[in-house]
Every structure is written in structure tokens, then in C-alpha cells.
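Summary of the model geometry
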Amino acid sequence: MVEVYVGLDVSDKSTHLCVVDGFGVVIWSGACASDPQALARTLRTRAPGMARVLLETGPLSSFLYHGLVDRGVPAVCVCARHAKGVLSARVNKSDPHDAEGLAQMARTGWFKEVRIKAEATHMDRARLKIREQLVGARQAMAGQLRGLLKLFGLRLGAASTPGKRRERLVALFAQRPDLEPILAPLIESLEAIEAQIARSSRQLAAAASALLGRVKRPCALRDWGLKLAKTKGPKRARVAVARKPAILLHSLWRSETEFRWA
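First, a word on what this report is: a plain description of the structure on this page. (Residues numbered from 1 in each chain as written. Predicted model: local features only at pLDDT ≥ 70, side-chain atom pairs only at ≥ 80, totals over all residues. Heavy atoms only, no water.)

A few words on the pairing of strand β4 (residues 50–56). With five of seven residues buried, β4 is to be regarded as a mostly interior element. The pairing of strand β1 (residues 4–10) with β4 spans five bridges and is classified as parallel. Across the sheet, the residue bridging to Val4 is Met50, located in β4. Of the strand pairs in this sheet, β4 and strand β5 (residues 75–78) are connected by four bridges, and their pairing is parallel. Each bridged residue has a counterpart across the sheet, and for Val53 the counterpart in β5 is Ala75. A crossover connection joins β4 to the parallel β5 through helix α2 (residues 61–70); in handedness this β-α-β unit is right-handed. (Buried < 20%, exposed > 50% of the residue type's maximum accessible area, 1.4 Å probe, protein only. Helix = DSSP H or I, 4+ residues; strand = E, 2+ residues; numbered from the N terminus. Pairing = 2+ DSSP bridges. Right-handed = clockwise from strand over helix to strand, strands pointing away.)

Here's what the structure looks like:
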């Protein structure tokens, strides 16, 4: 079977495909839905001897890459900025022409492969981004609440916890009961966001309890937490150990490295 090379120019709804042989001659060009199953089916029909399938980094690259690899397609992902430098030199730029340019890159090997993160990594990143958005929304809404109260000469003060803030608001609304129904939607939304943030914190606390209790494998974080429990008590140790994985996870995500037991 003759080896062929394929370029995929991906967009949200459809993907243009171009199949070339070892000499760079276009064998087939067409399009199908931007879905791994549809792409794999088309590739098996139009490029049965595919040696390499090239696509650029983008919003759908991780989804398509893992879906194609799981279906036995020899997919390779390249940096979109690197590919742009090659594709911009082509005349009559269009999606079909870009797909052909990627196919020629796949044939010649003039590209640098990009490592695509595993799905579990993207799930961890999603959790971090969601929590970041929630914390940012909480800060913005709390600041807005303080500002609106000041317009009417009311000061929320150092209410650092939801319980203290609630007590302070009861006292303030006793002075201005007409403001309570106006600010109620903001306060209820703020409390709902804080409840979601607290749920994330409980998940970390559970992980910390498991690390200090059930996990027996030696680990620097576990050893540190056990020493802290002897001096500060188990509750403080769990809080401290729960904070460490959050910082560690963020650092691993930014550096794209894996955790190593020590």
C-alpha cells in the first residue's frame, strides 16, 4: 500500500482534508464535519495508507487529536504560529490550500510536533479556571456591595467571613430597611458563589485527610503534614496540607510537568 500524507485545516463546523502521495501530488481533497469519528471514517476511505496526519493547534486540536489517535489515526499536532509561517508563503490562501500546505509539511517533515496534554490535565485546568473565575466574581461582588452601602453612609467594616458579613448586614439594614430588598439579589448571588468556592475547598480538605491518614507511601508533603500535626494539631495540619496541593497543582499546570514522589 502506497504511503500518503494528510493535512487537516480545522474550523468549528467543518474540516478541509488534503491527501498527497510521497511526491507531493494531490490524490484527494475534500471536507467533512469537525468530529473525530467523521474524520477517521473519511481518512480510512480516502487515505488508507496514511503515514502521517497533520493538524494545527487550536480550540478543537486536543479533542480531535485524542479522538483520532484513539481510532488508530497517526495524528500529529503542530504549532499554529509555526505553520502560519509556512502557509503564508502560499498563493491564493484558502482553507483547501491550507490543508494542502499542511499535507506537504506532513510529507516533508518540516515541522515541530507539539505535545498535546492528556484529558485529565485539561480537566484539572478547567477546575482551576472555574475556581479562579468564582474567586474573582466574589471579590468583585463584595467590593460592589461595600461601595453601594457607602453611597448611603453605611460601612460594612472588616467582615472577613460570610457569617460576620451577614451579622453586619442585619445591623445595617436595621438602620435602612428600604435597602434590603434592593441589595438582596446581589447578596444572594454572592452567597451562592461562596457556597461553590467552599465546595472546592472541602474537596481539597478531603484529599488532605486521605494523604495524612490512608496513604502509606512515603511523600515529602505527607511527612511535612504529619510533623505539623504533632506541633499544631490535626485540623491545622489538614488545612495547611490542603493548601499545598492547590499551589502545587497550579505550578505543575503552568510548567507542564508531572508530580514526582519524593
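We now examine the environment of Leu134. With respect to the element layout, Leu134 can be found in helix α5 (residues 119–151). With near-sequence residues (within four places) excluded, Leu134 lies in contact with Ile193, Gln196 and Ile197. (Contact = heavy atoms within 4.5 Å.)

Bringing the pattern of salt bridges into the picture now. Inspection of the entire model under this criterion finds four salt bridges. A salt bridge links Asp178 to Arg176; the shortest N-O distance between them is 2.9 Å. On the basis of relative accessible area, Asp178 is assigned to the partly exposed category, the value being 41%. (Salt bridge = Lys/Arg side-chain N within 4 Å of Asp/Glu carboxyl O.)

With that settled, the discussion passes to the state of the cysteines. Inspection of the entire model under this criterion finds zero disulfides. The thiol sulfur of Cys79 is not disulfide-bonded, and the nearest other cysteine sulfur, from Cys77, lies at 8.7 Å. (Disulfide = S-S within 2.5 Å.)

When you line up the elements, Thr42 lands in helix α1 (residues 36–46). A distance of 2.9 Å separates the side chain of Thr42 from the backbone oxygen of Ala38, its partner in a polar contact. Dropping the residues within four chain positions of it, Thr42 is found in contact with Leu17, Trp28, Cys32 and Ala47. (Polar contact = N/O pair within 3.5 Å; in protein donor to acceptor, adjacent residues only side chain to side chain.)

Turning our attention to α2. Among all positions in α2, only Ser61, Ser62, Leu64, Tyr65, Gly67 and Leu68 are buried. Next to the buried residues of α2 lie β1, α1, β4, β5 and α5. Following α2 by one or two positions, Gly72 has its phi on the positive side, about 80 degrees.

The subject of this paragraph is the nonpolar core. One finds Val6, Leu43, Met50 and Leu68 to be the most contacted residues of the largest nonpolar core, which totals 21 residues. Mapped by element, the contributors of at least two residues to this core are β1, β2 (14–21), β3 (26–33), α1, β4, α2 and β5. Each residue touching Leu43, except ones within four places of it in the same chain, is listed here: Val6, Leu17, Pro48, Met50, Val53, Leu68 and Val73. Ala159, Leu172, Leu179 and Leu190 belong to the second-largest nonpolar core, a separate cluster that totals 17 residues. (Core = buried A, V, L, I, M, F, W, Y, C linked by side-chain atoms within 4.5 Å.)

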